[in-house]
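For reference, the chains in residue letters:
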Protein chains: 4
Amino acid sequence: MAKTNIRTPFFVFNPKSYLFGEGLLELVREADTLAEEFPISIFVTAPFADIAAVSSNSKNIIVTAQHLDGIYPDKGMGHVLPESLYEAGARAVFLNHAEKPLTLNGLAKAISRAAELEIITIVCADSIAEAKAITMLNPDIVLCEPSELIGTGKTSDESYVKETIEAVKSLNPNVLVMQAAGISTADDVYRTILLQADGVGCTSGIVKAKDPKKMLRDMVQATVKASNKNNK
Amino acid sequence: MAKTNIRTPFFVFNPKSYLFGEGLLELVREADTLAEEFPISIFVTAPFADIAAVSSNSKNIIVTAQHLDGIYPDKGMGHVLPESLYEAGARAVFLNHAEKPLTLNGLAKAISRAAELEIITIVCADSIAEAKAITMLNPDIVLCEPSELIGTGKTSDESYVKETIEAVKSLNPNVLVMQAAGISTADDVYRTILLQADGVGCTSGIVKAKDPKKMLRDMVQATVKASNKNNK
Amino acid sequence: MAKTNIRTPFFVFNPKSYLFGEGLLELVREADTLAEEFPISIFVTAPFADIAAVSSNSKNIIVTAQHLDGIYPDKGMGHVLPESLYEAGARAVFLNHAEKPLTLNGLAKAISRAAELEIITIVCADSIAEAKAITMLNPDIVLCEPSELIGTGKTSDESYVKETIEAVKSLNPNVLVMQAAGISTADDVYRTILLQADGVGCTSGIVKAKDPKKMLRDMVQATVKASNKNNK
Amino acid sequence: MAKTNIRTPFFVFNPKSYLFGEGLLELVREADTLAEEFPISIFVTAPFADIAAVSSNSKNIIVTAQHLDGIYPDKGMGHVLPESLYEAGARAVFLNHAEKPLTLNGLAKAISRAAELEIITIVCADSIAEAKAITMLNPDIVLCEPSELIGTGKTSDESYVKETIEAVKSLNPNVLVMQAAGISTADDVYRTILLQADGVGCTSGIVKAKDPKKMLRDMVQATVKASNKNNK
C-alpha cells in the first residue's frame, strides 16, 4: 500500500477519455481550488499524455492515471511505465476498470509495482467475490461498481454498498472502499457517503452536466456535508 | 497517411521503456541537435507520460509515441487517446510492435485515427506477408523486423531487406520501408541504408552503449554518409 | 490455401454457441442430407468439443471449427490445437470473427498452420481495407461482414457486396468471397448470391426460426436457385 | 464448487498440447487402468476436440479440459462453451494457466459457470497472494505453481509448498491445494505428497520420458505410497 495520506471521505473526478488538453485543465483548476478549500482528498484522472500538464497546473489534487502496467524500465514497448507516470506527477492509478480489465497476474504485478513507487491503487471490482479477491492483493482502495450499472445513472442499492464495505473490511480493515456505480447527482453522492463509503466518484454526471464546474463543486460539497453528518 | 514531410533516409531512436524522465531528456537534447545539424528526419520515442516533456525540450525531432488506441474522446478508460498524444506534442506513433501486438481491426482503426490527426504511423511487420497486409491499411511507414531477431544484435540479411522493400513498394510506392532488426552498430546502419531502406532504427545498441550520446551521433552520421553514397 | 474442393456457391450454417450436443446434431443431420441432395458445399460450424460428434454423424458437410490457434503440438495450454481439430474431423475453420479477433501476427500464423493441414480458412473482415489486408495473407475465403450489422437482420447493401468482391478478386482471383451480414431469410440468401457472392452464411435466421430445419432447407434451396439463375 | 468426489491425494496428468488423437488415447487407457487399480482420483487433460474420444475411451479417470470460457449458450464464437465440454464428457477444467491467463472478471465467471455444471475447477496461481485471491472465488482446487518454474524440472521448495497450503486452507479449508512446479520424477511426486499437498501433476516429466506409460505408473504409485506413509 501507498503511504500517501488519504483524507476520507474522498472524491474522485474521473473524466475518462472525455476530456484532454485545455478542456481538462479547466476542470482540474476548479478541482484544485476545491481540494484547497475542503478537508477531503480529491483525485482527478487524466489520459497518460496529459498527466504532466495536469500536475503542473495543480497543487492540491491527487493526480491519477487511468491504468499502469506492472513492468520495470526495460524493453517494454507500448505499455504504461510506472516510473514515467510517477515522474510526470501521478500519485494514484485506477486498475482493472471494466474498460481495461487485467489478468489476475497482471493485476497482482501492477499493484505491487505501484506500491513500490508509493502510487495509490484504486482497483475496480465487478462483484462481491471480486472485491474480496482484490482485497487479498493489498490495494489501497477497492472500487465496487457492478459493470452493468456503469454510465446508467442507476446507483448500487443500499444493501450492495453495505455488503461490499463489510466484505472488504472484514478481510482487511485498512483497505478503503469506494462506490461509483451510476452516481450522477450531488444527492447520489450525499446518500452514498451516508452509507459509510470511504469515497465516491463520478464521470458523466460531471462531464455531461450543463455546468460541469458547478456540478463538480456541488458533489464535493455533498461529500463534505454527508461526512459532517456521519461524524456527528 | 500523415502529411508531415519525412526527410529520408530517416533515423529512429526508440529507447522503449529503458529511459524516462531526465535520463531520456539528455538523449532527446542530443537527438534534437543532430536533427538540426543533419538533413534527415530523426524520430525519438517516449513513454506516454514523458511525451509532453520531450516535446517541450526539443524543436527538431519528431516526437513519437510507443502506441495509440484507435478510439475517439469518450468513455474509454486506460487506453491511449490519440488527441491526448497530439496535444502533448506527439507527431508519430509506433503500432503493432511485437511487445504490443494489435488485432487486425484494432490496427486498422488506429491507423485511421492517426491519419485523421496527421500523426505519422510506423507499423511493425513480422514477415513479408504481414508487411503486405499492413500496406493495404495505408500506413506511412512499414517497419520490417522479424520478431525473432529483436534485441539479438543479428540483422536481417540483405535478401530479406530487399524483398520487404520490393513487397511493400510494389503494392504502394508511397509507403516508406524501415528496417530495424538487430541494428546495433553504426556500421549496421550504414549497410542497411545502402540497401535502400528508407529508414533505420535502434534501441539497445544506443541505450546499452558505453556512451549512448556518441553512439546516437555515430548512427545518425552513418545514415547521412550512406545516403550521400546512395545519391552519388 | 487448402486443396479441398469447394463447390460454389457454398452455404455456411454457423450456429455459433447457440447449439451443442443433441440439439446441434439434429440440424447437422439435416444439413448432411441437403449436402447430399444439392450440388453445393455446405459448411456447418460446431463448438470445439462437439466436432468429433458432428463429424461422426455426417458424411457430406464440411465440418468447421469456430477458431484455431496457430500453434504446433507443444506446451500450449488452453489454446485450440490445429492437429486436434483435424483428427476430430474438422476440415474448415473460421478465423478473426468479431467475437474472437486475432492479432495480425496470430492471424498470419493461424492461416499458415491451417494451410499445412489443408484446413479451409474462412477469415472475417470488418471493412474493405481489412478484406484487402487479409487477402495478402492467402486465406481460402474472405467473409465480408461489417461488424455493426452482425445479428441485426440488416444486410450489407448491394454496393458493399460488389465492392468487397472486386477488392478481394483484384488482388487474388482465387480467394473466395463470402457475405453474411444480417442474412435472415431465404430471400436474403437469394439476392446475395445473385450479386455474385461465392457463398453466404447464416446464424440466428436459422437457430431462432420457428422451424430451423425448414429454414436451413429453404436457404440452401435459395442458394441453388440463385446459382442456377446466375449460370443461365 | 463441484460436488464430484475427489479422492485425495489426486494425480493430474496434463499432456498440454504435446499429445492428441491416438497418441493421447494410449496414455489415457493406461491412466484409466491405474485409476481403477489405485484408490486415488486421476485427472487427464485433453485438447478440446479430443475430449469426446478421451471420454469414450475411459471409465475411471476424470476427463479434464485445458480451459473454458464463462459464457452461456448464445452468439459466442470461437470461445470454449462449458455445455459443449460437459456433453463431450469433461468433468474438470484448468483455469488461468500461465499459458492462458484470465482477467479477474473472466476467471470469476468461468469458475461460476463451471460450478453450475458441476465441473471441477483447477485454478492456477503464480504467487501466494494470487492463491489467496483465487481462494476467494471458490474454486475446487488451487494449483500453486510459480510460473518461473514451469517446465524447468526445478520443484517449488518445501517452504513454498507449506506456505501455499497454509495460505489457502486458512481462508477456506475445503479448497484443495495442488503442486506441480517442476515435478519430473516419481521421487518429486513422493516428496511433494509427503509435504501434505492434496494433489500433484506432471507434463513433460511424462510425455518426454523414454517410456511415458511407465513414468505415469511410477508417479501414480509414488502418490499412493506417499499417501500411505502420511496416513500411518
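Since the structure is predicted, the reported quantities are computational estimates derived from the model, not experimental observations.

Undergrad: Please explain the packing of helix α5 (residues 128-135) of chain B against helix α4 (residues 104-116) of chain C as it appears in this structure.
TA: Contact geometry of α5(B) with α4(C) gives a least axis separation of 10 Å together with a crossing angle of 125°. Comparing their axes, α4(C) and α5(B) come out oblique. Considering how the two elements wind past one another, α5(B) and α4(C) form a crossing that is right-handed. Seen from α5(B), the contacting residues are B:Glu130, B:Ala133 and B:Ile134; seen from α4(C), they are C:Leu104, C:Asn105 and C:Ala108. The residue makeup of the contact of α5(B) with α4(C), split by class, is 4 nonpolar, 1 polar and 1 charged.

Undergrad: What's the story with the interface of chain B and chain A in this structure? I'm lost.
TA: It is common to report an interface's size as the accessible area lost on association of the parts. Opposite the 33 residues of chain B that make contact, chain A presents 33 residues. Summed over both partners, the interface of chain B with chain A comes to about 3100 Å²; 61% of that surface belongs to carbon and sulfur atoms. Counting every contact that joins chain B to chain A gives 2 salt bridges. The salt bridge involving B:Glu99 is made with A:Lys75; its shortest N-O contact spans 3.7 Å. Of all elements in the fold, only α1 (21-37) and α3 (82-88) of chain B reach the threshold of two or more residues within the side of chain B that touches chain A. Looking at the side of chain B that touches chain A element by element, the count peaks at 5 residues for α3(B). Of the residues in the side of chain B that touches chain A, the class split is 14 nonpolar, 10 polar and 9 charged.

Undergrad: Quick question: what am I supposed to make of helix α6 (residues 158-171) of chain C here?
TA: Each α-helix winds once per 3.6 residues, and so residues spaced three or four apart point in a common direction. Residues and elements named next belong to chain C. Taking 1.5 Å per residue as the helical rise, α6 with its 14 residues ought to reach 20 Å, and the 21 Å between its terminal C-alpha atoms agrees with that figure. Looking only at α6, the buried set comprises Tyr160, Val161, Thr164, Ile165, Ala167 and Val168. The arc enclosing the buried residues of α6, seen along the axis, measures out at 165°, which places them on a common side. For α6, the exposed residues lying more than 90 degrees away from the buried face are Glu166 and Ser170.

Undergrad: I keep staring at the sheet that holds strand β3 (residues 62-65) of chain C and nothing clicks. Help me out?
TA: Two strands in a sheet stick together by hydrogen bonds in their backbones, pointing the same way (parallel) or opposite ways (antiparallel). Residues and elements named next belong to chain C. Read around the barrel, 8 strands follow the order β1-β2-β3-β4-β5-β6-β7-β8 and close on themselves; strand pairing throughout is parallel. Direction aside, neighbouring strands of the sheet carry axes that sit 25° apart on average. Both strand β7 (residues 176-179) and strand β8 (residues 199-202) contribute to a ladder of 2 bridges, which runs parallel. Across the sheet, residue methionine 178 finds its bridge partner in β8, namely glycine 199. Against the sheet, helix α5 (residues 128-135) engages β5 (120-125) and β6 (141-144), with an angle of about 150° to β5.

Undergrad: What should I look at first to understand the interface of chain C and chain D in this one?
TA: Taken together, the contact pairs 33 residues of chain C with 33 residues of chain D. When the two sides are added together, the surface that chain C and chain D hide from each other amounts to roughly 3100 Å², 61% of it contributed by carbon and sulfur. Going through the elements one at a time, α1 (21-37) and α3 (82-88) of chain C are the ones with two or more residues in the side of chain C that touches chain D. The leading source of residues in the side of chain C that touches chain D is α3(C), at 5 residues.

Undergrad: When you look at the nonpolar core in this model, what are you seeing that I'm missing?
TA: The nonpolar side chains of a soluble globular protein tend to be buried with one another. Core analysis: the largest hydrophobic core is formed by 281 residues, its most contacted members being A:Phe11, B:Phe11, C:Phe11 and D:Phe11. Apart from residues lying up to four places away in sequence, B:Phe11 is in contact with B:Ile40, B:Ser41, B:Ile42, B:Phe43, B:Val189, B:Val200, B:Cys202, B:Ile206, B:Leu216, B:Met219, B:Val220 and B:Thr223. Among the nonpolar cores identified, the runner-up in size contains 16 residues, and D:Ile6, D:Phe43, D:Leu143 and D:Ala180 belong to it.

Undergrad: I'm lost on the arrangement of the chains in this one. Help?
TA: The closest approach of any C-alpha atom in chain A to one in chain C is 15 Å; the two make no contact. What separates chain B from chain D at the closest point of their C-alpha atoms is a distance of 15 Å, and the two make no contact.

Undergrad: Looking at this model, I keep getting lost on the relation of the copies chain C and chain D. Mind explaining?
TA: Taken together, a rotation about one axis and a shift along it account for how the two chain copies relate. For the pair chain C and chain D, the superposition axis carries a translation of 0.0 Å, the fit reaches an RMSD of 0.0 Å, and the rotation angle comes to 180°. Between the two chains, the operation in question is that of a two-fold axis. When C-alpha distances to the rotation axis are compared across chain C, the minimum falls at C:Ala49, with a value of 2.3 Å. Both copies share a contact surface, since 100% of the interface residues of chain C are interface residues in chain D too.

Undergrad: For this particular structure, what's the right way to read the relation of the copies chain B and chain A?
TA: Rotating chain B by 180° about the axis while translating it 0.0 Å along that axis superimposes it on chain A, leaving an RMSD of 0.0 Å. Comparing interface residues between copies, 100% of those in chain B also lie at the interface in chain A; the contact surface is shared.

Undergrad: How do you make sense of the pairing of strand β2 (residues 42-46) of chain C when you look at a structure like this?
TA: The side chains of a regular strand alternate, first on one face of the sheet and then on the other. All names here are of chain C. Most of β2 is tucked away, with 5 of its 5 residues classed as buried. Burial along β2 is two-sided: the face carrying Ile42, Val44 and Ala46 and the face carrying Phe43 and Thr45 are both buried. With 3 bridges joining them, strand β1 (residues 10-13) and β2 adopt parallel strand pairing. Residue valine 12 lies in a different strand from β2, and its bridge partner there is phenylalanine 43. The parallel pair β1 and β2, bridged by α1, forms a crossover whose chirality is right-handed.

Undergrad: So what exactly am I meant to see when it comes to the packing of aromatic side chains here?
TA: What describes a pair of aromatic rings is the distance from one ring centre to the other and the angle between the planes of the rings. Within the structure shown, the criterion is met by 6 aromatic pairs over all chains. A ring pair is formed by A:Phe10 and A:Phe43, whose centres lie 5.4 Å apart and whose planes are at 65°; its orientation type is edge-to-face. Here A:Phe43 lies in strand β2 (residues 42-46) and A:Phe10 lies in strand β1 (residues 10-13), a separation of 33 residues in the sequence. The exposure class assigned to A:Phe43 is buried, which follows from its relative accessible area of 0%. Over the ring of C:Tyr190 we find C:Lys225; its NZ or CZ atom is 5.0 Å from the centre of that ring.

Undergrad: Where do I start with the packing of α1(C) against helix α9 (residues 212-231) of chain C in this structure?
TA: The relative placement of two packed helices comes down to the angle between their axes together with the axis-to-axis distance. Residue and element names in this part refer to chain C. Following both chains from N to C, one finds α1 and α9 inclined at 25°, their axes separated by 10 Å at the closest point. Between α1 and α9, the interaxial angle falls into the category roughly parallel. The two elements α1 and α9 cross, and the hand of that crossing is right-handed. Facing α1, whose interface residues are Glu26, Leu27, Glu30, Ala31, Thr33, Leu34 and Glu37, α9 presents Pro212, Lys213, Leu216, Arg217 and Val220.

Undergrad: Which parts of the structure should I look at to understand the environment of B:Ala209?
TA: Residues and elements named next belong to chain B. By the element assignment, alanine 209 lies in the loop between α8 (204-207) and α9 (212-231). Taking the C-alpha atoms as reference, alanine 209 lies 33 Å from proline 82; in sequence the two are 127 residues apart. Look past the residues within four positions of alanine 209 in its chain and what remains in contact with it is Ser204 and Met215.

Undergrad: I keep staring at the pattern of salt bridges and nothing clicks. Help me out?
TA: Oppositely charged side chains are able to pair whenever their charged atoms sit close together. What the rule picks out here adds up to 44 salt bridges over all chains. Across the pair A:Arg113 and A:Glu116 runs a salt bridge, and its minimum N-O distance is 3.1 Å. Placement of the pair is A:Arg113 and A:Glu116 together in helix α4 (residues 104-116), with a separation of 3 residues, close to one helical turn. Judged by relative accessible area, A:Arg113 falls into the buried class, the value being 3%. A:Glu116 sits in the partly exposed class, given a relative accessible area of 42%. The shortest N-O distance in the salt bridge between B:Lys169 and B:Asp198 comes to 2.7 Å. Within this pair, whereas B:Lys169 is found in helix α6 (residues 158-171), its partner B:Asp198 is found in the loop between α7 (186-194) and β8 (199-202), the two being separated by 29 residues in sequence. Overlapping salt bridges bring together A:Glu30, A:Glu37 and A:Arg217 as one network.

Thresholds, definitions, all that
Residues numbered from 1 in each chain as written. Chains lettered and ligands numbered in written order. Predicted model: local features only at pLDDT ≥ 70, side-chain atom pairs only at ≥ 80, totals over all residues. Heavy atoms only, no water. Axes fitted to C-alpha atoms, helices over the stretch in contact; angles between N-to-C directions. Helix = DSSP H or I, 4+ residues; strand = E, 2+ residues; numbered from the N terminus. Parallel < 35°, antiparallel > 145°, perpendicular 65-115°, else oblique. Left-handed = near helix turned anticlockwise from the far one by under 90°. Contact = heavy atoms within 4.5 Å. Nonpolar A, V, L, I, M, F, W, Y, C, P; charged D, E, K, R; others polar. Buried area = accessible area lost by both parts, 1.4 Å probe. Salt bridge = Lys/Arg side-chain N within 4 Å of Asp/Glu carboxyl O. Expected span 1.5 Å × (residues − 1). Buried < 20%, exposed > 50% of the residue type's maximum accessible area, 1.4 Å probe, protein only. Arc of directions from axis to C-beta. Pairing = 2+ DSSP bridges. Core = buried A, V, L, I, M, F, W, Y, C linked by side-chain atoms within 4.5 Å. Least-squares fit on C-alpha atoms with pLDDT ≥ 70 in both. Right-handed = clockwise from strand over helix to strand, strands pointing away. Phe/Tyr/Trp six-rings, centres within 6.5 Å; stacked < 30°, edge-to-face > 60°. Lys NZ or Arg CZ within 6 Å of the ring centre and 35° of its normal.

Read these as spatial facts, not as claims about activity.
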